[in-house]
Amino acid sequence: MFCPALVATDLDGTLIRTDGTVSKRTRAALDRVRSAGSVVIFVTGRPTRVMADIVAQTGTSGLAICANGALVYDLDNHATLRHRVLDSATALHLATEIRAIVPDAAFAVESGTRFGREPAFSTMWPDPHEVVGHVTELLTALPATKLLVRRALSAGSFADVRSAIVAAAGSTAVVTTSSYDLVEIAGAGVSKGVALAEIAAGYGVSARRAIAFGDMPNDLPMFAWAGHAVAVANAHPDVLAAADEITDSNDADGVAHVLERLFR
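Residues numbered from 1 in each chain as written. Predicted model: local features only at pLDDT ≥ 70, side-chain atom pairs only at ≥ 80, totals over all residues. Heavy atoms only, no water.

Digging into the nonpolar core
In terms of nonpolar packing, the biggest core is built from 57 residues, with Leu6, Ile41, Phe42, Leu196, Phe213 and Leu259 touching the most fellow members. If we ignore the near neighbours within four places in the chain, the residues touching Leu6 are Val39, Ile41, Leu196, Ala200, Val205, Arg209, Ala210 and Ile211. Among the nonpolar cores identified, the runner-up in size contains 24 residues, and Leu139, Val161, Ala173 and Ile185 belong to it. (Core = buried A, V, L, I, M, F, W, Y, C linked by side-chain atoms within 4.5 Å. Buried < 20%, exposed > 50% of the residue type's maximum accessible area, 1.4 Å probe, protein only. Contact = heavy atoms within 4.5 Å.)

Structure representation (structure tokens):
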């Protein structure tokens, strides 16, 4: 039976339930993995500033990959070990291009521990210390880990314009998404897969000994790298198609189901 040396899992929509909690069953499954001597790595689109609650709920320590691979974070010491930023000039150019494609676009900037947004940008993680201003001001004030885009007026998806945004970015940046109504842009070469491969090499773990769990397109590079890729049932169609296995949904402890089978 395949027993992974490394378990890499996305958080929101995958390990975390819709209500924002981590179930007792999932916590127990993660404990089982660690007791077997395997490594658990959270690989998330989240910034480091909103990792504390998940660490508290799961008791997980060690390293985490945040911001879709742009940040490697030490959960124990609350320290950023690696930070790959999006060039400011590139970000400003893309913001102009995207606003021409999507006139009602609203932007935000994630900068690891800091966050800035345009007034029309709605965020799922309000920050009392946020910077509010035009995207030009935000990119001047904050080093951009990720440039975020939402449709301010319709709160709709980007399916009709995604290809145009990807074309505008070209090779200068990476465009991905962790939800249907959000576009996330990082520096060239940044992905969950690249960061995970680097961390795994540090542990001496090859791709064939790793398992990855995910639900959205930003997880696809991680799926492409890992020896076994598992999508939760609520995953995006592209992720379901790329998976080696489909488990139950995040609300039905799908990750725990697989880990219980593999770590008896």
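Text resumes after the structure shown.
A short note on the sheet that holds strand S13 (residues 228-232)
Spatial strand order, S5-S4-S3-S2-S1-S12-S13-S14: eight strands in an open sheet with mixed pairing. Only two strands of the sheet have a single partner each, and these edge strands are strand S5 (79-83) and strand S14 (245-247). Shown here is a sheet whose adjacent strand axes are inclined to one another by a mean of 25°, direction ignored. Alignment of strand S12 (residues 210-214) against S13, held across four bridges, turns out to be parallel. Across the sheet, the residue bridging to Phe213 is Val230, located in S13. Lying on the sheet, helix H9 (residues 254-262) is in contact with strand S1 (6-9), S12, S13 and S14; it crosses S14 at an angle near 120°. (Pairing = 2+ DSSP bridges. Helix = DSSP H or I, 4+ residues; strand = E, 2+ residues; numbered from the N terminus. Axes fitted to C-alpha atoms, helices over the stretch in contact; angles between N-to-C directions.)

Looking at the environment of Thr26
Take Thr26: it is sitting in helix H1 (residues 24-35). Accessibility expressed as a relative area gives 3% for Thr26, which makes it buried. Residues Thr26 and Ala70, 44 residues apart in the sequence, show an inter-C-alpha distance of 26 Å. The contact partners of Thr26, leaving out residues within four places of it in the chain, are Leu15, Asp253 and Ala256.

What about the side chain of Thr145?
Along the chain, Thr145 turns up in the loop between helix H4 (135-141) and strand S9 (146-151). Aside from chain neighbours lying at most four places away, what touches Thr145 is Ala67, Ala70, Leu71, His83, Arg84, Glu110, Ser111, Gly112, Ile185 and Ala186.

A few points about the sheet that holds strand S8 (residues 131-132)
A sheet is described by the order of its strands in space; here six strands give the open sequence S8-S7-S6-S9-S11-S10, paired in mixed fashion. Of all strands in the sheet, those bounded by a partner on one side alone are S8 and strand S10 (173-179). Across six bridges, the pairing between strand S6 (residues 105-111) and S9 is antiparallel. Counterpart to Val109 in the pairing with S9 is Leu147. Sitting on the sheet, helix H3 (residues 88-101) is in contact with S6, S9, S10 and strand S11 (182-187), with an inclination near 160° to S6. The sheet contacts of helix H5 (residues 162-169) involve S10 and S11, and relative to S10 the element is tilted by about 150°.

A look at the pattern of salt bridges
Under the criterion given, the structure shown has 18 salt bridges. Among the ionic pairs, Lys192 bridges to Asp10, the shortest N-O distance being 3.0 Å. Note that Lys192 is positioned in helix H6 (residues 192-203) and Asp10 in the loop between S1 and H1, a separation of 182 residues in sequence. The buried category is assigned to Asp10, whose relative accessible area is 4%. Note that Arg151 is salt-bridged to Asp104, the shortest N-O span being 3.9 Å. On the criterion of sequence distance, the pair formed by Arg151 in strand S9 and Asp104 in the loop between H3 and S6 is long-range, its members being 47 residues apart. Where salt bridges share partners, they join Asp10, Lys192 and Asp219 into one cluster. (Salt bridge = Lys/Arg side-chain N within 4 Å of Asp/Glu carboxyl O.)

Examining the pairing of S6
Along any regular strand the residues' side chains alternate between the sheet's two faces. Judged by how many residues are buried, S6 sits mostly within the fold: seven of seven residues are covered. By the alternation rule, side chains of S6 split into Ala105, Phe107, Val109 and Ser111 and Ala106, Ala108 and Glu110, which are all buried. Inspection of the sheet shows S6 paired to strand S7 (residues 114-117) by four bridges, in the antiparallel sense. Bridging from a neighbouring strand, Glu110 pairs with Phe115 of S7. With antiparallel pairing between neighbouring strands as the criterion, S6 and S7 make up a hairpin whose turn holds two residues, including Gly112 at a positive phi of roughly 80°.

What to know about the packing of H1 against H9
Direction vectors running N to C along H1 and H9 enclose 35°, while the axes themselves pass 9 Å from each other. The chirality of how H1 crosses H9 is left-handed. Contact with H1, carried on its side by Arg25, Thr26, Ala29, Leu30, Arg32 and Val33, involves Ala256, His257, Leu259 and Glu260 of H9 and no other residues of that element. Tallied by class, residues from the contact of H1 with H9 come to five nonpolar, two polar and three charged. (Left-handed = near helix turned anticlockwise from the far one by under 90°. Nonpolar A, V, L, I, M, F, W, Y, C, P; charged D, E, K, R; others polar.)

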